[in-house]
Amino acid sequence: MKKIILMLMLSLVAFVSNAQFKIIAKSGTVSYVDGRKKINAVTGTTVKQGTMLVVSPNSFVGLLHTSGKTYQINKAGTYHVSDLESKLTKTESNFSSKYSTFVYDGLYGGNNSSRKSTGSVERDVDKSDIKLFYPKMFNTTDSVIVLNWKDLDMGKYVITIKDVFDEVIVKEVIDTNMFEYNFDAYQHGNDEQSITWSISLEKDTTFASKVVSVTYTTVDELGGFETSALDYLVRAKYYADKLLFLDALNAYKKAISLDPDNTFYKEEYDSYLKSLNL
């Protein structure tokens, strides 16, 4: 029995020491060499110690280490995983251990998986008369949110906001295409509040928008810090997974602004919007 336990412990140590990086972003052609085999790398690929990454010209790869540190390669060449790891030893972890574990294990599938996480916000095809710039359901950590929609230039609007009991808490006629709502002004004595809101024309209430559900809630502190576009991409995907639509958008936009010449981040942002039919 002791021999079996020892073998299991040694196997676990070997696994932890080998699972070094996971590819969380890439564009162009990236492969890795494991022994004598050269394998095409995709998002979600785990790159272990003892292998080499081959980045082709006009390509880039973003890596997340098991410690929570990120590393981006923009220059073509061959890179030993052990060398990449040594470059991270003197830097502080970008993310808390709990956060990095979620990203490393949860955002992407297993080795050689091509699945991308864009969040599990409910998709819907908006065929309503008034278009809202939001998915059908999302969460927010901000107590004050600005609701907006496409202006039709057809007169004033009526905004209707209901609580979780389907009781109307706001019904106002407004002449702009935005409305600021404060969750704290309608506190129900708990940490999580949900509302639904919709828009219609004042002169014709049948000319209306879809109904959107918003939940004001809290999430675990992410910890860590961001210094690169890749860091903000990781944070954007975390927010998307938590249905934090507005936070995810801001993180995607920050990633794009930090690396504007890299089309990958814009493509990820567009893919997220497309997943929501926005």
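Higher on the page you've got the structure.
Caption draft 1: How the structure looks around the pattern of salt bridges. If you walk through the whole model with that rule in mind, you get three salt bridges. Between K266 and D270 there is a salt bridge; the shortest N-O distance is 2.9 Å. Here D270 and K266 lie together in helix α6 (residues 263-275), a separation of four residues that amounts to about one turn.

Caption draft 2: Just the nonpolar core, in detail. If you look at the biggest cluster of nonpolar residues, it comprises 48 residues, and the most contacted ones within it are W149, I161, Y181 and W197. The residues touching Y181, leaving out its near neighbours within four places in the chain, are S143, V144, I145, L147, I161, I169, V170, Y186 and I195. One finds Y32, V47, L63 and L88 within the second-largest nonpolar core, a separate group that totals 15 residues.

Caption draft 3: Spotlight on helix α4 (residues 229-241). When the terminal C-alpha atoms of α4 are compared, their 18 Å separation across 13 residues agrees well with the 18 Å that a helix rising 1.5 Å per residue should span. The element α4 is extensively covered by neighbouring structure, given that 12 of its 13 residues are classed as buried. Of all the positions in α4, only A229, L230, D231, Y232, L233, V234, R235, A236, K237, Y238, Y239 and A240 are classed as buried. L243 sits one or two residues past α4 and shows a positive phi near 65°.

Caption draft 4: Highlighting the sheet that holds strand β12 (residues 168-174). Across the sheet, five strands lie side by side as β9-β15-β14-β11-β12; this open sheet has mixed pairing. Edge positions in the sheet fall to β9 (137-140) and β12, since each of these pairs with one other strand and no more. Neighbouring strand axes in the sheet, compared pairwise and without regard to direction, differ in orientation by 20° on average. As paired strands, strand β14 (residues 193-201) and strand β15 (residues 212-216) are joined by five bridges and run antiparallel to one another. Counted as the bridge partner of I195 is V214 from β15.

Caption draft 5: View of the packing of aromatic side chains. Applying the stated criterion to the full structure yields 15 aromatic pairs. When the centroid spacing of 6.0 Å and the interplanar angle of 65° are considered together, the rings of Y134 and F245 count as edge-to-face. In this pair, Y134 is assigned in the loop between α3 (97-107) and β9 and F245 in helix α5 (residues 245-258), connecting sequence segments 111 residues apart. The buried category is assigned to Y134, whose relative accessible area is 2%. When its relative accessible area of 2% is taken as the criterion, F245 is described as buried. Between W149 and Y157, the ring centres sit 5.6 Å apart and the planes meet at 75°, which makes this aromatic pair edge-to-face. Overall, the relative accessible area of 0% leaves W149 in the buried class. An aromatic cluster is present here, built from Y134, F138, W149, Y157, W197, F245, Y252, Y269 and Y272 joined pairwise through their rings.

Cut-off values and rules
- Residues numbered from 1 in each chain as written.
- Predicted model: local features only at pLDDT ≥ 70, side-chain atom pairs only at ≥ 80, totals over all residues.
- Heavy atoms only, no water.
- Salt bridge = Lys/Arg side-chain N within 4 Å of Asp/Glu carboxyl O.
- Helix = DSSP H or I, 4+ residues; strand = E, 2+ residues; numbered from the N terminus.
- Core = buried A, V, L, I, M, F, W, Y, C linked by side-chain atoms within 4.5 Å.
- Buried < 20%, exposed > 50% of the residue type's maximum accessible area, 1.4 Å probe, protein only.
- Contact = heavy atoms within 4.5 Å.
- Expected span 1.5 Å × (residues − 1).
- Pairing = 2+ DSSP bridges.
- Axes fitted to C-alpha atoms, helices over the stretch in contact; angles between N-to-C directions.
- Phe/Tyr/Trp six-rings, centres within 6.5 Å; stacked < 30°, edge-to-face > 60°.

Such coordinate-based values are descriptive only and should not be taken to indicate function.
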